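Here's the letter readout for the chains.
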Amino acid sequence: MKTAILAGGLGSRLAEETVVRPKPMVEIGERPILWHIMRHYLHYGHDEFVIACGYKGEVIKRWMLDYSTLSADVTVRPRTGDVTLHRSDVCEDWAVDVVDTGQSTNTGGRIKRLAPWVGTDTFMLTWGDGVSDVDLDALLAFHRSHGKIATLTAVRPPARYGHIVTDGDQIVEFSEKPQIGEGWINGAFFVLEPAVFDYIEGDDTQFEKEPLEQLAKDGQLMAYHHHGFWQCMDTVREKHILEELWRSGSAPWKIWE
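Residues numbered from 1 in each chain as written. Predicted model: local features only at pLDDT ≥ 70, side-chain atom pairs only at ≥ 80, totals over all residues. Heavy atoms only, no water.

Per an unreviewed UniProt entry, the recorded name for the chain is Glucose-1-phosphate cytidylyltransferase, and the organism is Jiangella anatolica.

Okay, structure coming up:
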């Protein structure tokens, strides 16, 4: 089963970082957030990836090419261009297709451009800027149980500020930036059938608009409710939250050894 990851947006709200690299290559703990996402999928046995690139896609391609080479002993024959890798510290045994899906293509268009790469079977899809401890085995089992075209992972977003409950002027409960107790949002981590491509018109289509709206109207969109950790990285503040969790050794999304 292929896992598609959208990695082509501008990341304008992270301009301090994305002026030189695409958002999925912004680092958490000295590794791109893209690597963290892929490690999560690999933990559940999903080792075939299709990365949809756009803005500064060459940075992703270069990192993928260099990742194994720079972690290994190498023999180089400049005259012939032959490179032999010897001992390597890389432990990730995955196959990655890095696909240029256009500089200004919208999310739906990027997904549709991946149709030849993901094939005619069920596939997974997520954004290249969010991490979670979602159980991908349970997510896939849920998707297969209902027989619909699309499943999205519904999450409760983290609150931006500390939450308080008061009795008059006295604070009786305080929680530092908890998950919001009410309301669910699209947390990505989709499971999709190839029929989803029929809902996407072209490059200008935003997947979160007409395709998902029409899938819902047709009764073909289901929600897998995830009650655990989820965090996107849209801003510098959110990057710092993820960095601190990783630095402290308590990153909830790090479920691999």
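That shown, we press on.
For the chain, the helix and strand inventory stands at eight helices and 16 strands. With respect to the principal axes defined by its C-alpha atoms, the chain has extents near 80 × 45 × 35 Å. The proportion of buried residues among the 257 residues of the chain is 44%. Look at the contacts in the chain between residues 6 or more apart in sequence, and 73% of them connect residues 24 or more apart. Within the structure as shown, the chain displays about 13200 Å² of accessible surface, and the carbon and sulfur contribution to it stands at 49%. Charge-centre separation for the chain: the mean point of 26 positive side chains lies 4 Å from the mean point of 39 negative side chains. (Helix = DSSP H or I, 4+ residues; strand = E, 2+ residues; numbered from the N terminus. Buried < 20%, exposed > 50% of the residue type's maximum accessible area, 1.4 Å probe, protein only. Contact = heavy atoms within 4.5 Å. Areas by Shrake-Rupley, 256 points an atom, 1.4 Å probe, with all protein chains shown as cover. Lys, Arg positive; Asp, Glu negative; His and termini not counted. Charge placed at Lys NZ, Arg CZ, Asp CG, Glu CD.)

A few words on the nonpolar core. Proteins that are soluble and globular tend to have nonpolar side chains buried together. Membership of the largest hydrophobic core comes to 40 residues, with the highest contact counts inside it found for L34, M38, I51, I60, L242 and W253. The set of elements that each furnish at least two residues to this core consists of β1 (2-7), α2 (33-43), β4 (48-53), α3 (57-69), α6 (136-146) and β16 (230-232). Residue contacts for L242: discarding those within four places in its chain leaves I28, I33, V131, F229, Q231, C232, M233 and W253. With 24 residues, the next largest nonpolar core counts V50, F123, W127 and F197 among its residues. (Core = buried A, V, L, I, M, F, W, Y, C linked by side-chain atoms within 4.5 Å.)

Within helix α7 (residues 210-217), burial applies to P211, L212 and L215. In a view along the axis of α7, the buried residues occupy a sector of 95°, so they form one face of it. Summarising the geometry of α7, the exposed residues directed more than 90 degrees from the buried face are E210 and K217. Buried residues belonging to α7 abut β10 (150-155), β13 (185-186), β14 (190-192) and β15 (221-225). Looking one or two residues past α7, G219 carries a phi angle of roughly 70°, positive in sign. (Arc of directions from axis to C-beta.)

Now for the packing of aromatic side chains. In this description, an aromatic ring pair is defined by two values, namely the gap between the centres and the angle between the planes. Here the structure, examined in full by the defined rule, presents eleven aromatic pairs. Each ring, one from W63 and one from Y67, has its centre 4.7 Å from the other, and the planes form 20°; the classification is stacked. Placement of both W63 and Y67 in helix α3 is noted, with a separation of four residues, approximately one turn of the helix. For R31, the ring lying beneath its charged end belongs to W35, and the centroid distance is 4.5 Å. (Phe/Tyr/Trp six-rings, centres within 6.5 Å; stacked < 30°, edge-to-face > 60°. Lys NZ or Arg CZ within 6 Å of the ring centre and 35° of its normal.)

For N186, the location among the structural elements is in strand β13. By relative accessible area, N186 is classed as partly exposed at 27%. Contact partners of N186, with chain neighbours within four places excluded, come to W127, L152, T153, E208 and L212. Engagement of the side chain of N186 in a polar contact is seen with the backbone nitrogen of A188, the distance being 2.8 Å. (Polar contact = N/O pair within 3.5 Å; in protein donor to acceptor, adjacent residues only side chain to side chain.)

Examined against the element boundaries, H225 turns out to sit in strand β15. Distance in space between the C-alpha atoms of H225 and V155 is 6.3 Å, their sequence separation being 70 residues. Those residues within four positions of H225 in sequence are excluded, and the remaining contacts are A154 and W184.

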